[in-house]
Amino acid sequence: MEDKKSNGMAVHTRRIVAYVVLILVTLMCLFWFYVLFINATRSNSALKKGFTLIPGGFLGKNLYSLFHNSNLPIVRGLLNSLFIALCTAGLSTYFSTMTAFAIHAYDFKLKKFMFTFILAIMMIPTQVTALGFINLLRKINLMDSFIPLIVPAIAAPAVFFYMKQYMEANIPLELMESARIDGANEFLIFNRIALPLMKPAIAVQAIFSFVTSWNNYFTPALVLKSDTKKTLPILIALLRSADFLKFDMGQVYMFIALAILPVIIVYIFMAKNIVAGMTVGAVKG
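Honestly, helix H10 (residues 186–197) in this entry has me stumped. Any pointers?
Residues spaced three or four apart along an α-helix face the same direction, because each turn holds 3.6 residues. Here H10 spans 16 Å end to end across twelve residues, near enough to the 16 Å set by a 1.5 Å rise per residue. Restricting attention to buried positions, one finds in H10 the residues Ile189, Phe190, Ala194 and Leu195. Projection of H10 onto a plane perpendicular to its axis shows the buried side chains occupying an angular sector of 145°, all on one side. Buried residues belonging to H10 abut helix H4 (74–105), helix H9 (173–181) and helix H11 (199–215). The N-terminus of H10 is capped by Asn185, whose side-chain oxygen sits 3.3 Å from the backbone nitrogen of Phe187.

Structure, rendered in C-alpha cells:
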C-alpha cells in the first residue's frame with residue numbers, strides 16, 4: 001500500500017511539474033504576441049519613450065492611418081496574400097498527398113529512386129535556383145503574375161514526405177485492395193477513402209503551407225512589380241523603409257498585427273483536426 005501511495009505521489013508530482021512548465025512555455029510564447037498587439041495601440045511618440053504593458057489609446061487612429069495611406073494598397077495586399085496562400089495550401093496538400101499515395105499504394109520499377117529523388121530536392125535552397133527561375137519567367141512572360149507563386153508550390157517535397165510517413169502508419173494496403181475488389185477505381189479510392197483518413201495530416205500541412213506562403217517575401221519580391229499585386233510582406237517592408245519623417249512605428253505594429261491575424265484564425269479553425277490526429281497516433285502507438 002505504501003509503495004502504491006508513493007508511486008501515486010510521484011506521478012502526481014511529475015504531472016504538476018509538467019503542467020507548470022507547459023504554462024510557463026505557453027506564457028513565454030504568447031507574451032510577444034501580447035507586446036505586438038499592445039504596441040499596435042500606441043502612438044509613434046509613445047513607442048519611442050519605451051516599453052509598457054498597458055494598452056494605448058491610438059488603436060483606431062493607427063488603423064485609420066494605415067488604411068488611408070495613399071502609398072500602400074493595404075486591402076489589396078491582404079486579398080493578394082490570402083488568395084496566394086489559400087491556393088498554395090490547397091493545391092500543395094492535395095497533390096502532395098496524391099504523390100505520396102502513388103508511392104505508398106503502388107509498386108513500380110523506379111519507386112525507390114523517385115522517393116529518394118523527391119527527398120533530395122528538399123536539400124536545394126530556393127535562393128540557389130532564383131536566377132534561373134526569374135530568367136525562365138521572363139522567357140514565358142509570367143513576370144508580375146501570381147502563377148509563379150502558386151504553381152511551383154504544388155511540388156512540396158516536405159509535405160510529400162510527411163504524408164508518406166502518415167500513410168504508412170494509418171492507411172493499410174489491404175484497405176485499398178478491398179476497395180479495388182469492390183470495383184472502385186483509383187481516383188475514387190484516393191478521394192473517398194485515403195483523403196478522409198488523412199484529414200489530420202492534411203490539416204497540419206495546410207497550416208504550414210498557408211503560413212509559409214503568407215510569410216513568403218523572397219520570391220514575391222522578385223516576381224511582383226505592380227503595386228496592385230504586391231503581397232503583405234512586401235508592403236510591410238515598404239512601410240518600414242519609409243522616409244524617417246514619415247515613419248510611424250504605430251502603423252508598422254498595426255500592419256504586422258493585421259498580417260498575423262489571418263494565420264491565427266486559420267490555426268484556430270484547424271487546431272481541432274491537429275489535436276485529433278495526435279490523439280489517433282497516440283492510441284495506435
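Is there a simple way to think about a nonpolar patch on the surface in this case?
The grouping of Phe108, Leu110, Phe113, Met114, Phe117, Ile121, Ile124 and Val128 at the surface amounts to a nonpolar patch, some 750 Å² of accessible area in total. Position of Ile121 relative to the elements: it lies in helix H5 (residues 111–121).

Just to check I follow, could you spell out the environment of Val35 for this structure?
Tracing the backbone through its elements, the reader meets Val35 in helix H1 (residues 2–39). On the basis of relative accessible area, Val35 is assigned to the buried category, the value being 11%. Here the alpha-carbon distance between Val35 and Leu53, two residues 18 residues apart in the chain, equals 7.1 Å.

Mind showing me how you'd approach the packing of aromatic side chains here?
To describe a pair of aromatic rings, one takes the distance between the centres and the angle between the planes. Within the structure shown, the criterion is met by eleven aromatic pairs. Ring geometry for Tyr94 versus Phe95: centroids 5.3 Å apart, planes at 90°, classification edge-to-face. Look at Tyr94 and you get partly exposed, because its relative accessible area is 28%. Assessed through its relative accessible area of 33%, Phe95 is described here as partly exposed. A connected cluster of aromatic rings, assembled from ring pairs, spans Tyr94, Phe95, Phe101, Tyr106 and Phe190.

What exactly am I supposed to notice about the confidence of the model for the protein chain here?
Where the model shows low pLDDT, its predicted coordinates should not be examined in detail. Mean pLDDT over the protein chain stands at 83; residues scoring 70 or higher make up 89%. Averaged pLDDT values for the elements of the protein chain fall to 72 in helix H14 (residues 249–284) and rise to 92 in helix H7 (residues 147–150). Across residues 281–285 the pLDDT falls below 50, and counting only partners more than four positions away or on other chains, this stretch makes two contacts in the model.

Would you take a moment to explain the side chain of Arg42 for this structure?
Of note, Arg42 is situated in the loop between H1 and helix H2 (44–49). On the basis of relative accessibility, which here comes to 7%, the residue Arg42 falls in the buried class. Among residues more than four places away in sequence, those in contact with Arg42 are Leu47, Gly50, Phe51, Thr52, Gly56, Phe58, Asn62 and Gly250.

Looking at this structure, how should I read the packing of H4 against H10?
Each pair of packed helices gets described by two things: the angle between the helix axes and the distance between those axes. At their nearest, the axes of H4 and H10 sit 11 Å apart, and the two run at 110° to each other. Between H4 and H10, the crossing angle belongs to the class labelled roughly perpendicular. Contacts from Tyr94, Thr97, Met98 and Phe101 of H4 reach H10 at Phe187, Ile189, Phe190, Asn191, Ala194 and Leu195. Split into classes, the residues belonging to the contact of H4 with H10 amount to eight nonpolar, two polar and no charged.

Help me out: how do you make sense of the environment of Glu177 in this one?
Note that Glu177 resides in helix H9. In this structure the C-alpha to C-alpha distance between Glu177 and Ile189, which are twelve residues apart in sequence, comes to 9.6 Å. For Glu177, the side chain forms a polar contact with the side chain of Arg180, separated by 3.1 Å.

For this particular structure, what's the right way to read the side chain of Asn44?
Within the secondary structure, Asn44 sits in helix H2. Look at Asn44 and you get buried, because its relative accessible area is 17%. Not counting the four nearest positions on each side in its chain, Asn44 is found in contact with Phe247, Asp248, Met249 and Gly250.

I would appreciate a short explanation of the packing of H5 against helix H8 (residues 157–170) in the present structure.
At a minimum axis distance of 8 Å, the contact between H5 and H8 shows a crossing angle of 135°. One element, H5, and the other, H8, form an angle in the oblique class. Every pair of crossing elements has a handedness; the one defined by H5 and H8 is left-handed. Here Phe115, Ile118, Leu119 and Ile121 of H5 come into contact with H8, specifically with Pro157, Phe160, Phe161 and Lys164. Here the residues of the contact of H5 with H8 are counted per class, giving seven nonpolar, no polar and one charged.

Parameters and conventions
Residues numbered from 1 in each chain as written. Predicted model: local features only at pLDDT ≥ 70, side-chain atom pairs only at ≥ 80, totals over all residues. Heavy atoms only, no water. Helix = DSSP H or I, 4+ residues; strand = E, 2+ residues; numbered from the N terminus. Expected span 1.5 Å × (residues − 1). Buried < 20%, exposed > 50% of the residue type's maximum accessible area, 1.4 Å probe, protein only. Arc of directions from axis to C-beta. Contact = heavy atoms within 4.5 Å. Polar contact = N/O pair within 3.5 Å; in protein donor to acceptor, adjacent residues only side chain to side chain. Patch = residues over 30% accessible without salt bridge, like charges linked within 9 Å, V, L, I, M, F, W, Y side chains within 5 Å. Areas by Shrake-Rupley, 256 points an atom, 1.4 Å probe, with all protein chains shown as cover. Salt bridge = Lys/Arg side-chain N within 4 Å of Asp/Glu carboxyl O. Phe/Tyr/Trp six-rings, centres within 6.5 Å; stacked < 30°, edge-to-face > 60°. pLDDT = per-residue confidence, 0-100. Axes fitted to C-alpha atoms, helices over the stretch in contact; angles between N-to-C directions. Parallel < 35°, antiparallel > 145°, perpendicular 65-115°, else oblique. Nonpolar A, V, L, I, M, F, W, Y, C, P; charged D, E, K, R; others polar. Left-handed = near helix turned anticlockwise from the far one by under 90°.

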